[in-house]
Amino acid sequence: METLSQALDDESGPVDTDPSASSPDYLASLRLIWPYLTHQRFKLVAAIGLATLSVVLELVPVYVIYSLAGEVVTHQLTSQHLLVDGLIVIGAVISGYVLLGVAMGMSHLVAFEAIYQLRLHIARHMAGLPLGYFADRRSGEAKKLVIDDPEKLELVVAHGLPEGVSAVATWLAVSVWLFVVDWRMALAVVFITPVSFVLLTLAMMRGSRFARDYQMSGERMNSAIVEYLNGMPVVKIFNRAGESFREASEAVHEFSKVETQWARAYLPVGGTFFSLVLSNIVFIIPVGAFLILDHSLDLVTLLFFVILGASYSRPLLKGFHLFHELAHISMGSMLVHDLLEAPSQPDNGQTVNLSGYDVTFEQVCFGYDDGNDVLHDVSFTAKEGAVTALVGPSGSGKSTIAGLIPRFFDVRSGSISIGGVDIRDIGLEQLMDTVAFVFQQTILFSDTIAANIRFGKPDASDTEVENAARAAQVHEFIMALPDGYQTRIGDLGRQLSGGERQRIAIARAILKDAPVIVLDEATAFADPDNESAIQSAIEALAEGRTLIIVAHRLHTIRDAQTIVVTQQGCIAEQGQHDALLENHGVYAQLWADFVAARRVGFRQLSQANTDGEM
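Only a predicted model underlies this, so the values are computations on that prediction, with no experimental measurement involved.

Calculation criteria
- Residues numbered from 1 in each chain as written.
- Predicted model: local features only at pLDDT ≥ 70, side-chain atom pairs only at ≥ 80, totals over all residues.
- Heavy atoms only, no water.
- Helix = DSSP H or I, 4+ residues; strand = E, 2+ residues; numbered from the N terminus.
- Buried < 20%, exposed > 50% of the residue type's maximum accessible area, 1.4 Å probe, protein only.
- Contact = heavy atoms within 4.5 Å.
- Areas by Shrake-Rupley, 256 points an atom, 1.4 Å probe, with all protein chains shown as cover.
- Salt bridge = Lys/Arg side-chain N within 4 Å of Asp/Glu carboxyl O.
- UniProt positions renumbered as here; feature names shortened; annotations may be inferred.
- Phe/Tyr/Trp six-rings, centres within 6.5 Å; stacked < 30°, edge-to-face > 60°.
- Pairing = 2+ DSSP bridges.
- Axes fitted to C-alpha atoms, helices over the stretch in contact; angles between N-to-C directions.
- Core = buried A, V, L, I, M, F, W, Y, C linked by side-chain atoms within 4.5 Å.
- Polar contact = N/O pair within 3.5 Å; in protein donor to acceptor, adjacent residues only side chain to side chain.
- Expected span 1.5 Å × (residues − 1).
- Arc of directions from axis to C-beta.
- Parallel < 35°, antiparallel > 145°, perpendicular 65-115°, else oblique.
- Left-handed = near helix turned anticlockwise from the far one by under 90°.
- Nonpolar A, V, L, I, M, F, W, Y, C, P; charged D, E, K, R; others polar.
- Patch = residues over 30% accessible without salt bridge, like charges linked within 9 Å, V, L, I, M, F, W, Y side chains within 5 Å.

## Concerning the overall build of the chain
So, step 1. When helices and strands are counted, the chain shows 24 helices and ten strands.
So, step 2. Within the span of the chain, comprising 614 residues, buried residues form 46% of the whole.
So, step 3. Within the chain, residue pairs in contact and separated by at least 24 positions form 78% of the contacts whose partners lie at least 6 positions apart.
So, step 4. Carbon and sulfur atoms make up 59% of the accessible area of the chain, which totals about 31,200 Å².

## Focus on the pattern of salt bridges
So, step 1. Inspection of the entire model under this criterion finds ten salt bridges.
So, step 2. In this structure, the salt-bridge partner of K383 is D358, at a minimum N-O distance of 3.9 Å. With a gap of 25 residues between them, K383 in the loop between β2 (373–382) and β3 (387–391) and D358 in the loop between α15 (314–341) and β1 (359–367) connect regions that are remote in the sequence.
So, step 3. The residue D462 makes a salt bridge to R454 at a minimum N-O spacing of 2.7 Å.

## Section: the UniProt feature "transmembrane region" (unreviewed entry) in the chain
So, step 1. Here, UniProt's "transmembrane region" (unreviewed entry) annotation points to residues 44–66, 86–116, 161–180, 186–205, 265–293 and 299–317.
So, step 2. The distance separating the terminal C-alpha atoms of residues 186–205 is 30 Å; by composition the span is 95% helix and 0% strand.
So, step 3. Between the C-alpha atoms that bound residues 265–293 the distance is 45 Å, and the span itself is 93% helix and 0% strand.

## Quick word on the packing of aromatic side chains
So, step 1. Going through the model one piece at a time under the given rule, you end up with ten aromatic pairs.
So, step 2. Ring geometry for F191 against F283: centres 4.9 Å apart, planes inclined by 85 degrees, an arrangement best described as edge-to-face. Here F191 is found in the loop between α8 (183–190) and α9 (192–208), whereas its partner F283 is found in helix α13 (residues 280–293), with 92 residues between them in sequence.
So, step 3. Assessed through its relative accessible area of 40%, F191 is described here as partly exposed.
So, step 4. The exposure class of F283 is partly exposed, given its relative accessible area of 26%.
So, step 5. One aromatic cluster in this structure is built from Y63, W177, F304 and F305.

## Some words on the sheet that holds strand β6 (residues 435–438)
So, step 1. Across the sheet, six strands lie side by side as β6-β7-β8-β3-β9-β10; this open sheet has mixed pairing. This sheet does not close on itself; its edge strands, each paired only once, are β6 and β10 (570–575). Ignoring strand direction, the axes of neighbouring strands in this sheet form an average angle of 15 degrees.

## Observations concerning the nonpolar core
So, step 1. Grouped together as the largest cluster of nonpolar side chains are 46 residues, with contacts concentrated most on I453, I557, I563 and Y587.
So, step 2. Non-local contacts of I563, meaning those with residues more than four positions away in its chain, are made with A389, V391, I557, E573, Q574, G575, Q576, H577, L580 and Y587.
So, step 3. Of all hydrophobic cores here, the second largest spans 32 residues; its members include L354, L375, F409 and I426.

## Re the side chain of N280
So, step 1. Note on placement: N280 falls in helix α13.
So, step 2. Relative accessible area serves as the criterion here: at 0%, N280 is assigned to the buried category.
So, step 3. Within the structure, N280 has its side chain in polar contact with the backbone oxygen of V189 (distance 2.6 Å).
So, step 4. In this structure, N280 is in contact with V189, I192, T193, G309, Y312 and S313, ignoring residues within four places of it in sequence.

## A closer look at α13
So, step 1. With 14 residues, α13 should cover 20 Å at 1.5 Å per step; its first-to-last C-alpha distance of 20 Å lies within 8% of that length.
So, step 2. Taken together, the buried positions of α13 are occupied by N280, I284, G288 and L291. Around the axis of α13, the buried residues are gathered within 65 degrees of arc, so they sit on the same side. Of the residues in α13, the exposed ones pointing more than 90 degrees away from the buried face are V282, F290 and L293.
So, step 3. With its phi angle positive at about 60 degrees, H295 sits one or two positions after the end of α13.

## Describing the packing of α9 against α15
So, step 1. Where α9 meets α15, the axes come as close as 12 Å, and the angle between the chain directions of the two elements is 10 degrees. On the basis of their axis angle, the class for α9 and α15 is roughly parallel. Relative to α15, the crossing made by α9 is right-handed. From α9, T193, F197, L200 and M204 reach across to α15, where they touch L316, F320 and F323.
So, step 2. Class assignment of the residues belonging to the contact of α9 with α15 gives a composition of six nonpolar, one polar and no charged.

## Things to note about unusual backbone geometry
Most peptide bonds take the trans form, and the phi angle of most residues other than glycine is negative.
So, step 1. Positive phi, close to 65 degrees, is recorded for R407, a residue that is not glycine.
So, step 2. Relative to the elements of secondary structure, R407 occurs in the loop between α16 (398–404) and β4 (413–418).
So, step 3. At H584, a residue that is not glycine, the phi angle is positive and equals roughly 55 degrees.
So, step 4. Turning to its location among the elements, H584 is positioned in the loop between α23 (577–583) and α24 (586–613).
So, step 5. Overall, the relative accessible area of 67% leaves H584 in the exposed class.

## Digging into the side chain of D422
So, step 1. Mapped onto the secondary structure, D422 falls in strand β5 (residues 421–422).
So, step 2. Those residues within four positions of D422 in sequence are excluded, and the remaining contacts are S415, I416 and S417.

## Let's talk about the sheet that holds β1
So, step 1. In spatial order, the strands read β2-β1-β4-β5; together these four strands make up an open sheet with antiparallel pairing. At either margin of the open sheet sits one strand with a lone partner, and together these are β2 and β5.
So, step 2. In this structure, β1 lies alongside β2, joined through six bridges in antiparallel fashion. Across the sheet, the residue bridging to G367 is D373, located in β2.

## Description of the environment of G585
So, step 1. Assignment of secondary structure puts G585 in the loop between α23 and α24.
So, step 2. Through-space distance from the C-alpha of G585 to that of A572 is 8.3 Å; in sequence the pair is 13 residues apart.
So, step 3. In this structure G585 touches E573 and L580, once residues within four positions along its chain are discounted.

## Notes on a nonpolar patch on the surface
So, step 1. Residues L83, L87, I90, I94, V98 and V102 make up a contiguous nonpolar surface patch of about 560 Å² in total accessible area.
So, step 2. Take L83: it is sitting in helix α6 (residues 79–128).
So, step 3. Judged by relative accessible area, which is 56%, L83 ranks as exposed.

## A few points about the packing of helix α5 (residues 60–73) against α6
Packed helices, taken two at a time, are described by the angle their axes make and the gap between the axes.
So, step 1. Taken N-terminus to C-terminus, the directions of α5 and α6 make an angle of 170 degrees; their axes are 9 Å apart at the nearest point. Relative to α6, α5 is oriented roughly antiparallel. As α5 runs across α6, the sense of the crossing is left-handed. Where α5 approaches α6, its residues V60, P61, V64, L68 and E71 are matched on the opposing element by H81, L82, D85, I88, V89, A92 and V93.
So, step 2. Among the residues forming the contact of α5 with α6, the class breakdown is nine nonpolar, one polar and two charged.

What follows is the structure in structure tokens.
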């Protein structure tokens, strides 16, 4: 986006003209959708054929008028001929509409099936990408890639192919017909067409250098507006509408700048094309008049060329409009293609034997895409059947360490093993069955509570779901709801409190019954009344399993068998609570700060009560 901003500093300033960086692939949408038409190409060819035949039938009235004109001139027109020709015209028009309707129906069914298959492929591919691929992408971008851009391909398949091919085929047929009737008048009709399209090509070349900036600015605008709308509660409560809207406003302004630059480059030559492409009649009349005066052309033939030649370029103009849409759609298709070309997370698909479920970090270094490591030489072991807590100051790497265990990201160097096997040598399916993860930001689906808990084990019985809910101390809350476990919880579970969502997520992890469980501050939103109950559930959950907890509330992990203390991406110390306090290190300071904060809170509360009594 920085490159885009620099390019837009001056509305008329230079832009990147590197073809490899900015030249669009106008056929990218066809290349993207074509593999998903493999089993439907016969239907598509049939649709194209019917559409072409329907356009050919549109020429029947022209031929009938030409024939009637000849009969009028030769005084051979009769009422019977007029009736028959009228019926022919009506039949051709009706048949043309019927054939076009059938063709459009077939092409739309083909398009919908192809887009459905494409979206499935995109979803499967995205599921195989490392989580880090989405870390720097906004929800608006994901919606555009999965929903908006594939949806536009409907125009390419359902309209672009049948209508475009039929338009070109009709234009070729008409061209041949014109030359068969009179080659001199045919030249008068067609010569301006190639000149017009040379101008069009020049206009598109002048404008194409803005295509990449147009696509990028459009993405930024969509994402900024989606983010602004999603953040509206925060914007309103802090009365910062102006500041929050600035990003969306700037994105819209940049988008309009690119459109303006594109228009200024395209319109001078492109406008000339639109002026010339349908001006055939300007050349037909003078040439025809000259030939009539020369007695080498009759009036009926001139009438034929006036009728047919005046609209000679309309099929090509229709094809151009379809191509114009194809070009715009192709810019989005290039991004979808880039997504599908992104390498999936390596997966050998193997099922291996694990000698237990100890989780061991050995000299692990890790960094995000910016190239700077955020974890340095991390080494520790989380024992099976024990609770291992990760604590440390904010930003010290606790959640990053936890996210490496289920391979949300892959380490840059070092290794992480479960049961003595490097997790990169374990098939992803087996790894996902081995590790359960409860996120700090709880993710629930717009479904029933039972369905959300059962997500951990799709074939679980109602009794198993209820037992998991009881273990997570959420059963009583659920039964108090009007529909119990069948209560629908709304989009992302926003109808529930933070603590309620967290406990449902814990129930889901309990039901999964995985041997390794990672809790990223699972009690963050628990209320005081239920925190101790959840702690009891976590202790029961730890029996026979490897339990790793990312903790901010230090009192919740003081009984952990191992406490791993992180600081600036390194392991500062590790051990049990009492031993770490005696070391007077980082943990001791964190504990002292925690205790002092609680005392201050109680002291302020007590003082407030005293002031109230006074």
